[in-house]
Amino acid sequence: MTTAVVVGSGPNGLAAAIRLAQAGVRVRVLEARETIGGGTRSGERTLPGLIHDDCSAFHPTGVASPFLRSLGLAEYGLRWRWAPVELAHPLDPGAAGVLWRDLDRTAGQMPPADARTWRRVFGRLSRRFDRLADDVLRPVLHLPASPLALAEFGAQALLPASWTAGRWSGDQARALFGGAAAHAFSSLRTPFSSAIGLMLIAVGHAHGWPVAEGGSQAITTAMARLLARLGGTVETGAEVLDLEQLDRPDLVLLDTGPHAAARILGDRLPPRTARAYRRYRYGPAAFKVDLAVEGGIPWTDEHCRSAGAVHLGGTFEEVAAAEEATFRGRMPRRPFVLVGQQYLADPSRSAGDLHPVYAYAHVPHGYRGDATEAVLDRIERFAPGFRTRIRARAVRTVARLQSENANQVGGDITGGANTARQLALRPRLSADPYATGVPGVHLCSAATPPGAGVHGMAGFHAAESALKWLASR
């Protein structure tokens, strides 16, 4: 029987394992930590009974993922939950850009000219998103399933986010788009920097920004249950440092970054691939602060009180300036901060009137400082009196993020710098970006297309590549 080992149990590793098991391959998943999940782990970080997500928190691409949707994970315990408002981006004084799943409601808060442009940019894109997902959640070089929809998206995605934001005159629309684009952890003035903002807002209108009931851990728990039903196994506390540890399986899939893959594969890698992996760039970092807050955050803007996610960055120009600084390795005085209020969608994460609040700031790669006060100041600016409601906190520095998840190199939670080149050609220029050049060994992490997000599509495509290689032997 054909055998495979998958190194790493994040969503992509488990997706790869499931796809291989569906094809009749006997699969073992090896996880270095004692808990599966990679960036989807959850736990009691502050006070007993409060459930915090370690990294990934909102899952618009998860609920839209063609592969995850095909798995029937509800049968294995996964439940998606939505907050009343998907996203809010407060502005001084008291106004906010607000994203609802309803596109017309979102556009209706804007001046008439901006509302028309919002509908023009996101209307057809969101209506077509399910057809488009097959094309945008795979390598750039492929035969498109929906060529016209992909061409329309690609023409807009190619543009700098600063140009796209210029299509709106009001601060609400500009900031709302800019905060979504900032999820790239990159300069908003470079080509392709519109891509992530366009996709996150379009999928927000198509499917919303849901959370997993009980914490993001529920996603990989459900995937592991399905894998077990298919005959696959998962072993925790099993760190892989060299290919020789694996008893020569037919296939090896690495849910690791390129640097780690180069260490594991060593001299087996073809020289060109080895150079590309070692030169692979990682981007700015996250500085994480989890809080136990009594009564929730007293936002000045009412929509923020109902929003699952809140972006704190000010105007588009302020967001762009902060992102440019972190991308260039400088710590901004007012960093971009994402706040998660997942308990609004999933009350099971709270304990009475104590609620778990998730927050992180964008900081430079490898940042050694303490951004805790910068995060708290950002929230306090839009929610006066917030600090008096904090009952406990748990801080994870950049160094600690990497120590807890080796794929988060230098605190980068996106799997690699989202430069124009790496957005289009990660992890290297190749007709098959998942193949390492070592026979039977493939890379399946967020460093491969389509990049970051809990969608499992990198794992799925890597497994398809591995099965194709197997059939060609």
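What counts and what doesn't
- Residues numbered from 1 in each chain as written.
- Predicted model: local features only at pLDDT ≥ 70, side-chain atom pairs only at ≥ 80, totals over all residues.
- Heavy atoms only, no water.
- Pairing = 2+ DSSP bridges.
- Helix = DSSP H or I, 4+ residues; strand = E, 2+ residues; numbered from the N terminus.
- Right-handed = clockwise from strand over helix to strand, strands pointing away.
- Phe/Tyr/Trp six-rings, centres within 6.5 Å; stacked < 30°, edge-to-face > 60°.
- Buried < 20%, exposed > 50% of the residue type's maximum accessible area, 1.4 Å probe, protein only.
- Axes fitted to C-alpha atoms, helices over the stretch in contact; angles between N-to-C directions.

A. Spotlight on the pairing of strand β2 (residues 26-31). Across five bridges, the pairing between strand β1 (residues 3-7) and β2 is parallel. Looking at β2, one finds that Val-7 is bridged to Leu-30. Where the polypeptide runs from β1 across helix α1 (residues 11-22) and back to β2, its parallel neighbour, the crossover connection is right-handed. Summarising the sheet, β2 and strand β9 (residues 233-236) pair through four bridges and their orientation is parallel. Bridge assignment links Leu-30 to a residue of β9, and that residue is Glu-235.

B. Quick peek at the packing of aromatic side chains. With the rule as written, the count across this model stands at eight aromatic pairs. For the ring pair Trp-118 and Phe-122, a centre distance of 4.6 Å and an interplane angle of 50 degrees mean the geometry is tilted. Within this pair, Trp-118 and its partner Phe-122 are both found in helix α5 (residues 112-127), separated by four residues, close to a single helical turn. Here Trp-118 matches Phe-122 in class, with each residue buried. Aromatic pair Phe-185 and Tyr-360: ring centres 6.2 Å apart, planes at 25 degrees, arrangement stacked. In this pair, Phe-185 sits in the loop between α9 (171-181) and α10 (195-207) while Tyr-360 sits in strand β14 (residues 354-363), placing the two residues 175 residues apart along the sequence. For Phe-185, a relative accessible area of 3% puts it in the buried group. Among the aromatic residues, those joined into a ring-pair cluster are Trp-118, Phe-122, Trp-168 and Phe-177.

C. Local environment of the sheet that holds β14. If you walk across this open sheet you meet the seven strands as β7-β6-β12-β13-β14-β11-β15, and the pairing is mixed. The outermost strands of the open sheet, each flanked by one partner alone, are β7 (96-99) and β15 (390-396). Here the strands of the sheet are splayed against their neighbours by 20 degrees on average, with no regard to which way each runs. Pairing between strand β13 (residues 337-340) and β14: four bridges, direction antiparallel. Looking at β14, one finds that Val-339 is bridged to Ala-359.

D. Fine view of the pairing of β1. The buried fraction of β1 is high, at four of five residues. Alignment of β1 against strand β10 (residues 251-254), held across four bridges, turns out to be parallel. Residue pairing for β10: Ala-4 is matched across the bridge by Leu-251.

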